Amino acid sequence: MKNNMKKRVIVGLSGGVDSSVAAYLLKEQGYEVIGLFMKNWHDDSVTISDECPWLDDSNDAMLVAEKLGIPFQTVDLSEQYKERIVDYMFNEYEKGRTPNPDVLCNREIKFDVFMKIALDLGADYVATGHYCRKGTIEKDGKEVFQLLAGKDNNKDQSYFLCQLSQEQLSKALFPIGELQKPEVRDIAAKADLITADKKDSQGLCFIGKVRLPDFLQQQLKPKEGVIVEIPASNVNYETSSVKTFNNKTEELQYLSKKAEYNIEDGEIVGKHQGAHYFTKGQRKGLSVGGKVEPLFVIDTDVKDNVIYTGQGKAHPGLYKRALFVSNDELHWVRPDLKLNTDETLEVLARIRYRQALEKATLYKVDSGLYVEFKNMQSAITEGQFVAWYLEDELVGSGVIS
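Summarised in this report is the structure supplied together with it. Computed from a predicted structure; not experimentally measured.

## So, the side chain of Arg97
Part 1 of the argument: Inspection of the secondary structure assignment puts Arg97 in the loop between helix H3 (78-94) and helix H4 (101-120).
Part 2 of the argument: Within the local environment of Arg97, its side chain forms a polar contact with the side chain of Glu329, the two groups lying 3.2 Å apart.
Part 3 of the argument: Once residues within four sequence positions are removed from consideration, Arg97 is found in contact with Glu92, Glu329, Glu382, Gly383, Val399, Ile400 and Ser401.

This is how it looks when you write it as structure tokens:
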């Protein structure tokens, strides 16, 4: 087979073990592999320690490429990253929503900006070290691509890719999706890759170890406000079984409705430095003592700068059975399965990474889509992504409104 017939794959080498093994496997499979490291961050003033994570990471990525004998280069995407991810985060926090930079980073950076660079370099595919799989089926004479959960249940990262399109999937490869994490480390050790024992990275995708509050503080100025504790007996929590509804949509509206709190509804139990630093379900950082059970954030009001809390993780203010996604924030990885108004679909869904899949039903209405869960869900958070699956295939997602 002539060399020029080989398919060219560009691997996003992050300096971690997963992408290192992805590159190794592709080379073993006979692809022409090129390693690319994305630099997405310049501001070292908010990284946590003296270590400069992206320098270490790009160095590790380079050593892996050297070991594998593949070409390597670094691309600086910090400008696009700032524009598309960082600005979006601040914007969401200011609105009182909690963004998910990892999902966005995949949609906007790795499988958009980065993919365009790769295709300009003549790549047939872009590969990453994500724990997920790609399936291909034929439907009405057309190729349809599936986004499938990774085989390692503890590590499945399909959720982070829930915003990808058919176009992006068609060019994507996920070489480690069939493997368990220990197998990946094993392969790296046998291939003598420097990243074999490297700890998994924490923190924002590609920013390294950033303290979120410090990061936010740069842009969002601290302002003191009050912490209010809402009793479990609050009127917002009367159950729907007491109510009667004329139709399903009315019931879904009720079940997904955001509770409205006022300071008068509870007692002031402490102070905070800015409601926009807190997110629903959060327990750390409230520093209010003397309670029978710890306080959890049940709502934040960024306009009046108030944090509403409830005692204990069983507090009714944390739980809802349904959520809503508006049409402009609704995304189908499988457009061929898209629901029309008044159609419903039984699915498995999750509202955060690492959450076990929960039974739910999708209801399409004119203005968007309701997701009603079989069981009550804790801390459904505006701005986060809900993703739904048919068995182990992620078919769609949306931003919780």
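Now that the structure has been shown, the text picks up again.
## What about H3?
Part 1 of the argument: The sharpest bend along H3 reaches about 25° and sits at Val86.
Part 2 of the argument: Residues of H3 that are buried: Ser78, Tyr81, Ile85, Val86, Tyr88, Met89, Phe90, Glu92 and Tyr93.
Part 3 of the argument: One or two steps after H3, the chain reaches Gly96, where phi turns positive at roughly 85°.

## Examining the pattern of salt bridges
Part 1 of the argument: All chains considered together, the criterion is met by 31 salt bridges.
Part 2 of the argument: The partner of Lys67 in a salt bridge is Asp192, with the nearest N and O atoms 3.0 Å apart. Highlighted residues: Lys67 in helix H2 (residues 53-68) and Asp192 in the loop between helix H6 (181-190) and helix H7 (212-219), separated in sequence by 125 residues.
Part 3 of the argument: The partner of Asp336 in a salt bridge is Lys139, with the nearest N and O atoms 2.7 Å apart. Taken together, the positions of Asp336 in the loop between strand S13 (330-332) and strand S14 (344-350) and Lys139 in strand S5 (residues 132-139) put the pair 197 residues apart, joining distant regions of the chain.
Part 4 of the argument: Owing to a relative accessible area of 33%, Asp336 belongs among the partly exposed residues under this scheme.

## Describing the sheet that holds strand S8 (residues 225-229)
In a beta sheet, neighbouring strands are held together by backbone hydrogen bonds and run either parallel or antiparallel to one another.
Part 1 of the argument: Overall, mixed pairing links the four strands, which are arranged S9-S8-S11-S10 in an open sheet. A single partner strand is all that each edge strand has here, and the edge strands are strand S9 (267-272) and strand S10 (295-301). Ignoring which end each strand starts from, the neighbouring axes of this sheet average 30° apart.

## Some details on the packing of aromatic side chains
Part 1 of the argument: The tally for this structure, following the rule as stated, stands at eight aromatic pairs.
Part 2 of the argument: The interplanar angle of 40° and the centroid separation of 4.3 Å between the aromatic rings of Phe160 and Tyr353 together place this pair among those described as tilted. A residue pair is termed long-range when its members are at least 10 positions apart, and Phe160 in the loop between strand S6 (142-149) and helix H5 (166-170) and Tyr353 in the loop between S14 and strand S15 (358-365) qualify at 193 residues.
Part 3 of the argument: You can call Phe160 buried: its relative accessible area is 12%.
Part 4 of the argument: Residue Tyr353 is classed as partly exposed on the basis of its relative accessible area of 21%.
Part 5 of the argument: Taken together, the ring pairs connect Tyr159, Phe160 and Tyr353 into an aromatic cluster.

## Re the packing of helix H1 (residues 17-28) against H6
Part 1 of the argument: Where H1 contacts H6, the axes come no closer than 9 Å and their chain directions differ by 65°. Here H1 lies roughly perpendicular to H6, going by the angle between them. The two elements H1 and H6 meet at a crossing, and its hand is left-handed. Across from Val17, Asp18, Val21, Tyr24 and Leu25 in H1, the residues of H6 making contact are Lys181, Val184, Arg185, Ile187 and Ala188.
Part 2 of the argument: For the contact of H1 with H6, the class distribution of residues is seven nonpolar, no polar and three charged.

## Here we look at the side chain of Glu108
Part 1 of the argument: Considering the arrangement of structural elements, one finds Glu108 in helix H4.
Part 2 of the argument: For Glu108, a relative accessible area of 17% gives the class buried.
Part 3 of the argument: Among all residues touching Glu108, those that are not within four sequence positions of it are Arg84, Ile85 and Val113.

## Section: the nonpolar core
Part 1 of the argument: Grouped together as the largest cluster of nonpolar side chains are 54 residues, with contacts concentrated most on Ile109, Phe114, Leu147, Phe174 and Phe385.
Part 2 of the argument: Among the elements of the structure, strand S2 (32-39), H3, H4, S6, H7, S10, strand S17 (385-390) and strand S18 (393-399) are those that each provide at least two residues to this core.
Part 3 of the argument: With nine residues, H4 is the largest single contributor of residues to this core.
Part 4 of the argument: Setting aside its immediate chain neighbours within four residues, Ile109 contacts Met38, Asn40, Leu77, Gln80, Tyr81, Ile85, Leu104, Phe114 and Met115.
Part 5 of the argument: Ranked by size, the runner-up nonpolar core spans 26 residues in total, among them Leu68, Ile70, Ala127 and Leu173.

Rules of the game
- Residues numbered from 1 in each chain as written.
- Predicted model: local features only at pLDDT ≥ 70, side-chain atom pairs only at ≥ 80, totals over all residues.
- Heavy atoms only, no water.
- Helix = DSSP H or I, 4+ residues; strand = E, 2+ residues; numbered from the N terminus.
- Polar contact = N/O pair within 3.5 Å; in protein donor to acceptor, adjacent residues only side chain to side chain.
- Contact = heavy atoms within 4.5 Å.
- Bend = angle between axes of the 7 residues up to and from the residue.
- Buried < 20%, exposed > 50% of the residue type's maximum accessible area, 1.4 Å probe, protein only.
- Salt bridge = Lys/Arg side-chain N within 4 Å of Asp/Glu carboxyl O.
- Pairing = 2+ DSSP bridges.
- Axes fitted to C-alpha atoms, helices over the stretch in contact; angles between N-to-C directions.
- Phe/Tyr/Trp six-rings, centres within 6.5 Å; stacked < 30°, edge-to-face > 60°.
- Parallel < 35°, antiparallel > 145°, perpendicular 65-115°, else oblique.
- Left-handed = near helix turned anticlockwise from the far one by under 90°.
- Nonpolar A, V, L, I, M, F, W, Y, C, P; charged D, E, K, R; others polar.
- Core = buried A, V, L, I, M, F, W, Y, C linked by side-chain atoms within 4.5 Å.

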